[in-house]
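Read off the chains here:
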Amino acid sequence: MPHKIINVVGARPNYMKIAPLMEEMKKASSVFSPILVHTGQHYDKEMSHVFFKDLNMPKPDINLNVGSGSHAEQTAAIMIGFENILKGERPDVVVVAGDVNSTLACALVAKKLHIKVAHVESGLRSYDMHMPEEINRRLTDSISDYLFTPSLGAGDNLRHEGIEKEKIFFVGNIMIDTLFNCRKLAKKKDIPKNYGLAKKQYSVLTLHRPENVDNRSTFISVLDALAESSKKVPILFPVHPRTKQRIKSFKLEKYFKHIGDTVKSNEKNIFFLPPLGYIDFIGLLLNSRFVLTDSGGIQEESTILQIPCLTIRRNTERPITVKCGHNLITGSKTEDILKAVDKITRENNYRFKTPKYWDGKTAKRIVKVLKDV
Ligand code: UD1
């Protein structure tokens with residue numbers, strides 16, 4: 001009998017981590033019978049459907065359609081829905097990825113039903129328990145049976161927490177499998193041209209963390225820096241739905257231009273874009289001069305694409321991107337962000353190294369381990 005594996009996706013950063021695994025498992029159909037469950041944490045077309053198309057992913061076999069809510073509401077709704085699925089399907093393993101609410105909710109349900117849990121992208125730590133992601137990843141790791149780590153440092157973190165070394169598998173970064181699969185197509189599309197911009201003449205911005213956008217004065221402190229930076233290098237900003245809501249409720253529309261408006265030197269040039277699919281976003285990133293972000297995955301993608309990165313956060317759970325990439329951690333103060341922009345635009349001989357096992361073969365390594373469950 002093939003191993004029955006439930007692969008879980010819920011929110012935007014999960015799709016690129018599960019797509020290559022589903023593909024590998026489908027190839028080995030005598031060994032695996034994979035099922036794809038979408039919790040519905042993200043549900044807008046731009047936050048979900050587009051990614052299935054871009055990543056050539058099969059439609060979810062089951063969608064729990066939980067939607068948005070407070071952390072408790074969302075986590076509880078996923079747990080109730082997922083428990084019903086597990087009772088019916090009784091899989092051999094549940095695979096969860098990353099650090100979103102769906103990750104923890106599904107891992108917890110599986111563990112209590114004595115079903116093995118595999119955590120992809122295990123062992124990352126920001127040591128900042130104010131971030132919901134840090135809580136999600138620590139708790140998920142503490143109950144997982146297979147901990148698949150993206151870097152050697154992530155394995156060290158787990159061992160320091162007392163996790164048995166037999167459970168830890170250093171497999172590399174699965175996001176890079178997806179990046180390699182899609183890079184050629186993204187290059188071919190010449191995305192900046194759609195916005196009337198030439199390669200390397202703009203920067204890209206993503207911003208959605210509660211710590212940056214949920215507090216009006218912090219958000220303004222960040223936007224003031226971005227406005228200043230955009231006078232020299234225009235900014236293209238695909239806006240996350242959460243951030244869009246905050247811009248409206250905090251009445252911050254004055255900071256932004258719309259696509260079709262012209263770039264004017266010595267003026268604010270932050271261009272408001274809808275959220276982009278994976279291929280279009282990578283197309284924008286790989287042609288940019290630098291990226292400003294509070295995302296986790298973009299720090300990793302920029303390391304491989306050799307794009308300088310400014311991380312608008314107090315810390316990172318991905319220190320390897322500081323060591324191997326060109327990632328500066330800026331915090332959210334206007335003057336600190338501007339100093340980092342100044343530094344990054346003046347330098348021109350950046351050095352990048354490829355971290356071990358960020359080679360496009362991570363899904364193969366994971367599947368090799370799961371063959372023996
Ligand atoms: C979630 C993850 C975060 C990840 C991010 C990527 C958690 C705790 N956070 O944050 O780690 O970096 O996804 O995008 O799991 N909304 C929509 N349409 C959607 C989804 C959300 O409009 O398809 C709006 C809703 O108003 C919702 C808000 O965005 O309340 C926030 O969504 P939520 O999933 O709670 O958290 P994210 O900020 O997206």
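Located above this text is the structure these notes cover.
Since we're looking at a predicted model, the values are computed, not measured. (Residues numbered from 1 in each chain as written. Predicted model: local features only at pLDDT ≥ 70, side-chain atom pairs only at ≥ 80, totals over all residues. Heavy atoms only, no water.)

S.K.: How do you make sense of the state of the cysteines when you look at a structure like this?
M.R.: Between two cysteines, a covalent bond joining their sulfur atoms is known as a disulfide. By the definition in use, this model includes zero disulfides. No disulfide involves Cys-309; its nearest neighbouring cysteine sulfur is the one of Cys-324, lying 14 Å away. Owing to a relative accessible area of 0%, Cys-309 belongs among the buried residues under this scheme. (Disulfide = S-S within 2.5 Å. Buried < 20%, exposed > 50% of the residue type's maximum accessible area, 1.4 Å probe, protein only.)

S.K.: Can you walk me through the packing of aromatic side chains in this structure?
M.R.: Think of a pair of aromatic rings as described by two things: how far the centres are apart, and how the planes are tilted against each other in angle. Counted by the stated rule, this structure contains ten aromatic pairs. Residues Tyr-15 and Phe-52 carry aromatic rings whose centres are separated by 5.4 Å and whose planes lie at 55 degrees to one another, so their mutual orientation is tilted. Note that Tyr-15 is positioned in helix H1 (residues 12-27) and Phe-52 in helix H2 (residues 49-54), a separation of 37 residues in sequence. According to the relative accessible area criterion, Tyr-15 is buried, its value standing at 0%. Put simply, the rings of Phe-237, Tyr-255, Phe-256 and Phe-272 touch in pairs and so form one group of aromatic residues. The ring of Tyr-357 carries the charged tip of Lys-356 above its face, separated from the ring centre by 5.0 Å. (Phe/Tyr/Trp six-rings, centres within 6.5 Å; stacked < 30°, edge-to-face > 60°. Helix = DSSP H or I, 4+ residues; strand = E, 2+ residues; numbered from the N terminus. Lys NZ or Arg CZ within 6 Å of the ring centre and 35° of its normal.)

S.K.: I'm lost on the environment of Phe-256 in this one. Help?
M.R.: Relative to the assigned elements, Phe-256 resides in the loop between helix H11 (241-249) and strand E10 (257-258). Judged by its relative accessible area of 10%, Phe-256 is buried. Among residues more than four places away in sequence, those in contact with Phe-256 are Leu-223, Phe-237, Ile-247, Ile-270 and Phe-272. (Contact = heavy atoms within 4.5 Å.)

S.K.: Looking at this structure, I do not really get the nonpolar core. What am I missing?
M.R.: Nonpolar side chains tend toward joint burial in soluble globular proteins. Residues Ile-18, Leu-21, Val-95, Phe-148 and Leu-370 are the most contacted members of the largest nonpolar core, which totals 57 residues. Counting residues in each nonpolar core, the second largest holds 29 residues, with Phe-219, Ile-235, Ile-270 and Ala-340 among its members. (Core = buried A, V, L, I, M, F, W, Y, C linked by side-chain atoms within 4.5 Å.)

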